[in-house]
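# A structural walkthrough
Residues per chain are reported as follows:
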Amino acid sequence: MTDTKRQWLVRAAAGALAGVAVHLLLGYLLGCFSLFGPAHFRGFQFPDCGFSSWNLHLEWMGVLISFALFALFGAEVGIATLPFADSGRELVTRSLIHYSVTSATACLWAGLNVCSTPADYLTFLVPLTLMYVIVWLGRWVGWYTEVAAIREKLGLAPGPSPLHWRESLPHVGFAAFLCLALPLLLWLVDDHRIPVLSVLYCWLLLPVGGFMSGLSLGRRHGFCPVYPAACALFSLLLVVGARLLDIVAEGGTLGGTTIFAVLIAALAGNLAGAARHKIKTRRDSHDR
C-alpha cells in the first residue's frame, strides 16, 4: 500500500468516526428537544430514515442506515483534507466529483429523514455548497501565495516579516469576504422573518471558514496573529454597521458572539497550522 492510499484510509476512518460522533450528538439533542416546557433529556432519539412510520419492528435498521450515512459523509469530509491532485485541471475535476458525491450523501440522508419538497433540499445544499466554496477559496489563497513566492524568488522565499503581516495580506482579503461581503449577501437573499441563512452563517459557515483559512495560513507561514485579528475587526465592523443601519437579522444573530466565534476559530486554525508547519520544518532540517 502506497503512502498516499494509507493517508486517504486514515483520514477517511477518522472522518467516519467523527461522523458517528456527530450522529450521537444529534440523537442526544433530539432527545432533549421539547415543544412544550423546558428542555430535558428523555433518552436518545436517533433519526430512523422513516422506518418507524413504515414498520416499528424495523426502526433499528433505519437508525443503522442513518449512522452509516453520517459515517460515509464524515469519511468524505476526511478525504477532502488531503490534496486531490497537483495539476489545476485534475484538481478541479476531482473537486467537482468529490462535491457531487458529498452532496448526494447529504441529500440522501435528508430525503430519508426530513425533506419532502425540492425547497427542503436547498436548506442542506446551500450551506454545504457555501462551506465547500469557503474552504476551497481559503486553500486557493494559500496556493496562490506559494506560487507567487516561487515565481518572484525562483524558489527562494524571502524572510518572514514581523508577525508575518506580509504573508497574511492575501488572507486578509479573504477575511473581508468571509466576515463582510458574505453575510451581507446572505442577508439580502434571506427570509427576514425566519433568517435561516443568517443563523447558519453565524453558527456554521463563519467558524468553519475562519478555522480552515487560519489553518491554511498557519501551515504555510506559521503563527500569524494578524489574520485572526483582521477577522475579528471585520466582524466588528459588520456588527456596528448592522446596528447603525438597523439591518440586524431577527433573533440577534449578529453580535458579540459572532466576533468571539470567528476570533477563536481563526486563532485555533492558525495555531493548529503553525504547529504542523513547525513539525514539518524540523523534519526537513533533520533530513538534511
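To keep things clear, this report deals only with the structure shown in the data block.

Cut-offs and rules
- Residues numbered from 1 in each chain as written.
- Predicted model: local features only at pLDDT ≥ 70, side-chain atom pairs only at ≥ 80, totals over all residues.
- Heavy atoms only, no water.
- Helix = DSSP H or I, 4+ residues; strand = E, 2+ residues; numbered from the N terminus.
- Buried < 20%, exposed > 50% of the residue type's maximum accessible area, 1.4 Å probe, protein only.
- Contact = heavy atoms within 4.5 Å.
- Areas by Shrake-Rupley, 256 points an atom, 1.4 Å probe, with all protein chains shown as cover.
- Disulfide = S-S within 2.5 Å.
- Core = buried A, V, L, I, M, F, W, Y, C linked by side-chain atoms within 4.5 Å.
- Expected span 1.5 Å × (residues − 1).
- Bend = angle between axes of the 7 residues up to and from the residue.

The number of helices and strands found in the protein is nine helices and zero strands. Starting at the N terminus and ending at the C terminus, the protein contains elements arranged as α-α-α-α-α-α-α-α-α. Every one of the 288 residues in the protein was classed for burial, and the buried ones make up 37%. Put simply, 68% of the contacts in the protein that link residues at least 6 apart link residues at least 24 apart. On the protein, roughly 16900 Å² of surface is accessible, and the fraction owed to carbon and sulfur atoms is 71%.

One pass over the structure, following the stated rule, counts zero disulfides. With no disulfide of its own, cysteine 231 lies closest to cysteine 179 among cysteine sulfurs, the gap being 4.5 Å.

When you line up the elements, histidine 23 lands in helix H1 (residues 3-32). Not counting residues within four places of it along the chain, the set of residues in contact with histidine 23 comprises Phe46, Pro47, Ser66, Phe67 and Phe70.

Ranked by size, the top nonpolar core spans 22 residues in total, and within it Leu178, Cys179, Tyr201, Tyr227 and Cys231 carry the most contacts. Of all the elements in the fold, those that place two or more residues in this core are helix H5 (118-153), helix H6 (165-189), helix H7 (196-221), helix H8 (226-245) and helix H9 (256-287). Take this core: its biggest share by element is seven residues, from H6.

Attention now moves to H7. Across its 26 residues, H7 extends 36 Å between first and last C-alpha, which sits within 8% of the 38 Å expected from 1.5 Å per residue. Remark: the principal bend of H7, roughly 40°, maps to cysteine 202.

Note that all results are geometric; they support no functional claim without further evidence.
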